[in-house]
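# Residue-level structure breakdown
Spelled out from the first residue to the last, the chains are:
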Amino acid sequence: MVKLTADLIAKQALGHNKRRADESVEHYLSRLTHLPFQNRGIDSIDPIPPCRQLTVIYLYDNTLSKLENFNFAENLTHLYLQNNRLQKLEHFDGCPKLQKLYLGGNQIQVIEGLDRCMNLKEIYIENQRLPEGEKLVFDPRTLQCLARVLENINVSGNNLDSLVELSCLEKLEELTASNNNLENLRELIQLLSVWPRLKRLDTSRNPMCTKARYRERLIVVSTALEMLDGKQITDNSRQFLMSWKASREAQQIREKSKADLYEGSGDYTNNGNYRRSIVKADLGLVKKGQFPMALVENAHRKMTPRTNKFSGFFASNSFHNPEPNNSHPNPIITFQDPSTKTFFK
């Protein structure tokens, strides 16, 4: 069992932080800005009031089971606590300037106790050693306090089945949530709309990754996204997918229009409203009693070999052409079929 004390710091500090021979312990501690005590077997921390200038503390790969006596670290900005035995986040009230917090590989079940860390921009709490069947939980009050400052969070490997609780993080720019139990792709697509600043997203090794067009659907939803699952999103790929999305939407609109016209007759082309719309669109000149000769001849040439279904429409006596003017390159004929006069009135 090793306790982090002022004497231990004064004796074992290395490099440029090494204590001078004629320097008092208190003066030495007062000028320290970095404290590299990783992998030292430390399991507890003593109060160290003189160390008020510390900005970075390295305590990863130790055996700490709880955090205490951190009230002296009022200027602390970076805290490295990976791979310890921490079960709860507490005593962070004395770290108002904390910006980056590394907690991966501990036993923390709830993200809490960070209400006073109003400058915290990055939290790394991946791969917690949780009891079987349990998942990482987020305290709503803590998340609301961090909503306007937190930019980067890593929650990989924590048995999460939803990210809805993180929807309040409006400043989020990077989210890593790989190796969880995320299945709802539609939920993630909706969340991307409330994270307009998100540039890097990693949700690899989740069940939803096997769904059709998983990557494509995420890219077209978020125009700010630059990296997805560790792969760069190029401008060309985004442009191609946006065109694909527009084409797909246009096709859906066309299909919806056909469905609206369909009235149970078995074939929408047999629907009177549909045929009337098509005829008016393609043969608008017929309604006026005029039609280009070239188009009539072409229609007659195509329709004649067919059955008698259309023979009455293109019969020779159905059109009357009173001496067309040969000087005009596109003669005009008059439509005289009595069976369709009522239709166009």
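Residues numbered from 1 in each chain as written. Predicted model: local features only at pLDDT ≥ 70, side-chain atom pairs only at ≥ 80, totals over all residues. Heavy atoms only, no water.

- As annotated in an unreviewed UniProt entry, the chain is Protein phosphatase 1 regulatory subunit 42 from Rotaria socialis.

### So, empty space enclosed by the protein
- Applying the stated criterion across every chain, the model contains 1 cavity of 30 Å³ or more.
- Of the pockets and cavities examined, the largest cavity occupies roughly 50 Å³.
- Lining the largest cavity, in full, are Asp161, Leu163, Leu182, Glu183, Asn184, Glu187, Leu188, Leu191 and Met208.
- Among the residues forming the lining of the largest cavity, the class breakdown is 5 nonpolar, 1 polar and 3 charged. (1 Å grid on protein atoms, 1.4 Å probe; cavity = no way out; pocket = protein on both sides within 12 Å on 5 of 7 lines; lining within 4 Å. Points joined across faces, edges and corners; volume = space filled by probe spheres on them. Nonpolar A, V, L, I, M, F, W, Y, C, P; charged D, E, K, R; others polar.)

### A closer look at the layout of surface pockets
- Reported here for the second largest pocket is a volume of approximately 250 Å³.
- Lining the second largest pocket are 10 residues, with Arg217, Val220, Trp244, Lys245 and Arg248 sitting closest to its centre.

### Let's talk about the sheet that holds strand β12 (residues 200–202)
- Strand order in this open sheet of 10 strands is β2-β4-β5-β6-β8-β10-β11-β12-β13-β14, and the pairing throughout is mixed. Edge positions in the sheet fall to β2 (34–36) and β14 (231–232), since each of these pairs with one other strand and no more.
- In terms of strand pairing, strand β4 (residues 56–58) meets strand β5 (residues 78–80) through 3 bridges, oriented parallel. Bridged to valine 56 within β5 is histidine 78. (Pairing = 2+ DSSP bridges. Helix = DSSP H or I, 4+ residues; strand = E, 2+ residues; numbered from the N terminus.)

### Remarks on the environment of histidine 91
- Checked against the element boundaries, histidine 91 lands in the loop between β5 and β6 (100–102).
- Each C-alpha atom of the pair histidine 91 and phenylalanine 70 lies 6.5 Å from the other, and the pair is 21 residues apart in sequence.
- If we skip the residues at most four places from it in the chain, histidine 91 touches Leu67, Glu68 and Phe70. (Contact = heavy atoms within 4.5 Å.)

### Digging into the packing of aromatic side chains
- Tallying each qualifying case throughout the model produces 5 aromatic pairs.
- Taking 6.0 Å as the distance between ring centres and 15° as the angle between the ring planes, the aromatic pair formed by phenylalanine 70 and phenylalanine 72 counts as stacked.
- Residue phenylalanine 72 is classed as buried on the basis of its relative accessible area, which comes to 7%.
- Relative to tyrosine 124, the ring of tyrosine 102 lies with its centre 4.6 Å away and its plane at 5°, an arrangement referred to as stacked. (Phe/Tyr/Trp six-rings, centres within 6.5 Å; stacked < 30°, edge-to-face > 60°. Buried < 20%, exposed > 50% of the residue type's maximum accessible area, 1.4 Å probe, protein only.)

### Structural notes on unusual backbone geometry
- Phi is positive for asparagine 69, which is not a glycine, with a value near 60°.
- Within the secondary structure layout, asparagine 69 lies in the loop between β4 and β5.
- In this structure, histidine 91 takes a positive phi of about 65° despite not being glycine.
- Overall, histidine 91 belongs to the partly exposed group, its relative accessible area being 42%.

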